[in-house]
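Per-entry structural report
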Amino acid sequence: MESVISIKNLNKTYGTGLRALNNINLDIRRGEIFALLGPNGAGKTTLISVICGIVTPSGGTVLVDGHDILSDFRAARSKIGLVPQELANAPFESVLATLKFSRGLFGKPDNPAIIEKLLRDLSLWDKRHEKIMALSGGMKRRVLIAKALVHEPEILFLDEPTAGVDVELRHDMWDMVRDLRANGVTIILTTHYIDEAEEMADRIGVINNGEIGVVEDKTVLMNKLGKKQLTLTLQQPLSNIPNELTNYPLTLSADGNCLTYTFDVHQEHTGIPELLRKLGKHDIDFKDLHSSESSLEDIFVSLVKDKS
Amino acid sequence: MNLYGVRAIYLFEMARMWRTLMQSLASPILTTSLYFVVFGAAIGSRMGEIDGISYASFIVPGLLMLSLLGESISNASFGIYFPKFSGSIYELLSAPVSPIEIVVGYVGAAATKSVILGLLILATARLFVDYEIMHPVWMVTFLLLTATTFSLFGFVIGLWADDFQKLQIIPMMVIMPLTFLGGAFYSINMLPPFWQKVTLFNPVVYLVSGFRWSFYGVADVNVVVSVAMIFVFMLICLSAIWWIFKSGYRLKS
């Protein structure tokens, strides 16, 4: 698939000596929703800031639709819309005025029809003459989104778009992102919320300590690392696992009441019937059993742990 | 060239002036009027003529310069400082605009405001004192050059400042004394010889002197030197801005 952003050997070391990005290589495909997952301070915002021109890279190249972000910054930047993490707005301006400003800044002539549509889509039309400082936090975030979209970018960066946002706006935002993707816009979002990435993303990249760990299709990632667990609640507590069963991946809870069996989702034989037969042979009875699948969150935690 | 971008910045900044009309125009006009009343009418009536010009008329160009410098600096410095303070500077940095376009937009708007203010003060002065403008073309040239140069200087301060106090300190501690000692209220010929020499290190002397020459045809220093000094100062400001954008100092990490 054609890549719309191509990052090669990207490095960023801050003046303080902090190495925020360490030899990043990453390709974002045209038209996809890419989620960048990582803990605080992993380098997510730095990576976005470099691509958008807010932070100067220490080394490496970034091409946006074939345009170098430094030597051909005009072409590169005019394709990008950025919704920052912080609610950074000009507080004394009206919503309409800041949108006109943003569109002009990105080299586009005024277009009231586009602005009106955007404001209506984001439920801001009634607030268009209000000063931004008078808006609620959620509304301010909508204004930032409108500002990022008003010049009709082909690529949209959403840096922690739903941090501190109520459920309704969160779902509105997800819908909006899907609509944008349907219109061919490439979306890169960073998030703490795993369910957000799970819900939205086509592909997921995990970043930690300034390095990109895994980049995979969401489903592949989940399949690859997804483990299922069968938990059996026993009638009588066990003191230890019988010798005959020690070659099974079984763990016994500390109180001896729960037996947990971990198995791979993709293996043809889960080994469960055999295990249950053997348990029966040893007169180990159970009163309850349930199975669970690891979520992206578990996968993420294990990935970040492995790296650090 | 991103002309829409320059236009957007310029109009956005000008809109800020109309929104804050009272503090942008009314307050400097009021302040200058008070100067005319106190120094022109009250004290001026007891002062002798300077270079054959009545004292009240003599101070008109100097007072205008005083407001022009102050307002150019505060307009331009605030214009670029505030987005840094509110965080909305991210948009400017991520937009397809070059540093030159950013400077033209911000400094252009600040200088425009200053020129409008200068003309309004000139009109206000007419209510208090009589003055003539011997070289109107030069008068306008000085007005434009000074407004632009000191807006550039204000822009540098706005880029440099990282808190509100720093935004105030240069205008208060450097520009104010320089303008008061720059010959707005007196001819430097009235100073003792030693202080006349010292005064020549004050750039404001050249502005006031040149500007006064465009009114009455008398100057403390040669008018060519005045124009040259403005260009030198402009060049220094442009170099500073060029360096800031090139190094990313206080703009980018």
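Check the entry above for the structure.
**Brief notes about the pairing of strand 9 (residues 203-208) of chain A**
Residue and element names in this part refer to chain A. When you tally the buried positions in strand 9, you get six out of six residues, the bulk of the element. Alternating positions in strand 9 separate into two faces, R203, G205 and I207 on one and I204, V206 and N208 on the other, with burial throughout. As paired strands, strand 3 (residues 33-37) and strand 9 are joined by four bridges and run parallel to one another. Looking across to strand 9, one finds that L36 is bridged to G205. From the end of strand 9 to the start of strand 10 (residues 211-217), which pair antiparallel, there are two residues, and N209 there has a positive phi angle of about 50 degrees.

**So, the layout of surface pockets**
There is about 670 Å³ of room inside the second largest pocket. Every residue lining the second largest pocket is counted, 27 residues in all, and those nearest its centre are S98, P99, F245, K246 and K252 of chain B. Among the secondary structure elements, those contributing two or more residues to the lining of the second largest pocket are helix 2 (73-78) of chain A together with helix 4 (89-94), helix 5 (99-128) and helix 10 (223-247) of chain B. A total of six residues in the lining of the second largest pocket trace back to one element, the largest contributor, which is helix 5 of chain B. Of the residues that constitute the lining of the second largest pocket, the class distribution is 20 nonpolar, four polar and three charged.

**Some remarks on the packing of aromatic side chains**
Summed over all chains, the structure comprises 24 aromatic pairs over all chains. When the centroid spacing of 6.0 Å and the interplanar angle of 20 degrees are considered together, the rings of F36 of chain B and F128 of chain B count as stacked. Of the two residues, F36 of chain B is situated in helix 2 (residues 21-43) and F128 of chain B in helix 5; the sequence distance between them amounts to 92 residues. What makes F128 of chain B partly exposed here is its relative accessible area of 37%. An aromatic cluster of three or more residues is present, and its members are F92 of chain A together with F78, Y81, F82, F85 and F164 of chain B. A cation over a ring is seen here: R128 of chain A above W125 of chain A, with NZ or CZ 3.9 Å from the ring centre. Its guanidinium or amino end placed over the ring of W160 of chain B, K166 of chain B lies 5.6 Å from that ring's centre, counting from NZ or CZ.

**Things to note about unusual backbone geometry**
All names here are of chain A. Its identity is not glycine, yet N23 carries a phi of approximately 50 degrees, on the positive side. The topology assignment puts N23 in strand 2 (residues 19-29). Of note, the phi angle at D65 is positive, near 50 degrees, even though the residue is not glycine. Following the sequence through the fold, D65 ends up in the loop between strand 4 (59-64) and strand 5 (67-68). A relative accessible area of 23% places D65 in the partly exposed class.

Reading the values: the criteria
Residues numbered from 1 in each chain as written. Chains lettered and ligands numbered in written order. Predicted model: local features only at pLDDT ≥ 70, side-chain atom pairs only at ≥ 80, totals over all residues. Heavy atoms only, no water. Buried < 20%, exposed > 50% of the residue type's maximum accessible area, 1.4 Å probe, protein only. Helix = DSSP H or I, 4+ residues; strand = E, 2+ residues; numbered from the N terminus. Pairing = 2+ DSSP bridges. 1 Å grid on protein atoms, 1.4 Å probe; cavity = no way out; pocket = protein on both sides within 12 Å on 5 of 7 lines; lining within 4 Å. Points joined across faces, edges and corners; volume = space filled by probe spheres on them. Nonpolar A, V, L, I, M, F, W, Y, C, P; charged D, E, K, R; others polar. Phe/Tyr/Trp six-rings, centres within 6.5 Å; stacked < 30°, edge-to-face > 60°. Lys NZ or Arg CZ within 6 Å of the ring centre and 35° of its normal.

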